[in-house]
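Structure at a glance
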Amino acid sequence: MNNSQVNINQHTALNAVTGFPLEHTLSPQLHAQIYKKLGLNAVMLAFLSQNIEEIITCMRTLPIHLLAVTLPHKQTVMKFLDRIDPVAKKIGAVNTVINRNGKLHGYNTDIVGIAHALKNTQLKGKNVLIIGAGGAARPLCWFLKKSGAKIFCLNRTRTKAEELTQEFGGIALDNNALVGAKIDVIINATPLGMKPHIDESPFPKNLLNKNQTVFDLIYNPIETKLLKDAKKAGAKTINGMPMLLAQALEQVRLWSGKKLSINFLPKI
Ligand code: NAP
């Protein structure tokens, strides 16, 4: 989005996205297009920070109206908020903070994004492998459990996969357990494949097949090495864009009360 298209004046609301790193984020461009379409006088800026407490202080004082929270702050942000939505509390991760008259309310809109991305994928009774055990893996586990899937988790730090599967139900796997395992759906919730790791994939290509669905949460690049490998193997692929869009629309709805159709096509 071209800056000259933003009409900033004394009434413009300030929104922000925070995380570390933030080079990959598309949230400012995406929000700008949603605000324009909905006629909202607002702008979203990127606040790169390793210190979420400082950003929360800024949110109260400036004020910031809507804060999108990305890695690594989705769990640590929770202790600084005044109220947390019950589902976000159960998930144990917040990706959206709304400033309601000085009180900060935390939500998890990744759930809405995940549900949208997986709306055409059979999950009940299926073996679903989540790679990663960080902030995004938590809403995935919550949603998959609710959908009746059998959850398997593989993570660089095995203890985190064990903690996650103990909490939500499921089995923590090692790399060597993948050979011979019947996995129906593979979900990448790590940064492997994202810039600067674009030549890396979190899953061996020789274990991909045409009966699988592969969902990569990464949206930058739009087609990761994992998705390229999956396509070559004939698997069904889903990139991170539908999730990003659906969760952003939900963020704007929570803040402004205004809804936009999911069929809205941003130019990014
Ligand atoms: P996070 O909380 O930082 O967790 C990252 C996870 O990836 C951890 O389990 C970590 O393992 C693992 N990991 C990190 N670097 C790795 C490496 N070099 N090799 C192997 N594993 C590695 O991040 P997150 O919030 O869960 O986000 C994960 C990914 O999902 C990111 O790419 C993010 O952009 C994407 N995402 C997309 C959307 C969307 O709307 N499409 C929404 C949310 C997130 P350890 O436990 O060992 O550290």
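Figured I'd write up the structure that's included with this text.

Thresholds, definitions, all that
Per chain, residues are indexed from 1 in the order of the written sequence. Local features in this predicted model are restricted to residues whose pLDDT is 70 or higher, and side-chain atom pairs enter the listing and the counts only when it is 80 or higher, whereas totals over whole chains, interfaces and linings include all residues. Working from all heavy atoms in the structure, the side-chain values ignore hydrogens and water. Working definition: with a 1.4 Å probe on protein chains only, accessible area under 20% of the residue-type maximum means buried, over 50% means exposed, and in between means partly exposed. Runs of H or I in DSSP of at least four residues are treated as helices and runs of E of at least two as strands, each being numbered from the N terminus. DSSP calls a pair of strands paired once it identifies at least 2 bridges connecting them. Distances are taken per atom, and a residue is near a molecule or strand as soon as one of its heavy atoms is within 4 Å of it. Polar contacts here mean pairs of N or O atoms no more than 3.5 Å apart (in protein, one a potential hydrogen donor and the other a potential acceptor; neighbouring residues in sequence count only if both atoms are side-chain atoms). All accessible-area figures derive from a Shrake-Rupley calculation using a 1.4 Å probe, and residue coverage is judged against the displayed protein chains alone. Residues are sorted three ways: Asp, Glu, Lys and Arg are charged, Ala, Val, Leu, Ile, Met, Phe, Trp, Tyr, Cys and Pro are nonpolar, and all the rest, Gly among them, are polar.

On to the pairing of strand β6 (residues 103–107). Of all five residues in β6, four are buried; the element is thus mostly enclosed. Strand direction decides the pairing type here: strand β4 (residues 83–84) and β6, joined by two bridges, are parallel. Across the sheet, residue I84 finds its bridge partner in β6, namely G106.

So, about the environment of D184. Counting through the fold element by element, D184 comes out in the loop between β9 (171–173) and β10 (185–188). When the C-alpha atoms of D184 and L208 are compared, they prove to be 9.8 Å apart, with 24 residues separating the residues in sequence.

Bringing the site of the ligand into the picture now. Lining the immediate environment of the ligand, one finds 23 residues, of which A133, G135, A136, N155 and T157 sit closest. T157 is positioned such that a nitrogen or oxygen atom in its side chain is 2.4 Å from an oxygen atom of the ligand. The separation between a nitrogen atom of the ligand and a polar main-chain atom of G240 is 3.0 Å. The fraction of the free accessible surface of the ligand (930 Å²) that becomes covered by protein chains is 86%. Grouping the constituent residues of the shell around the ligand by class yields 12 nonpolar, seven polar and four charged.

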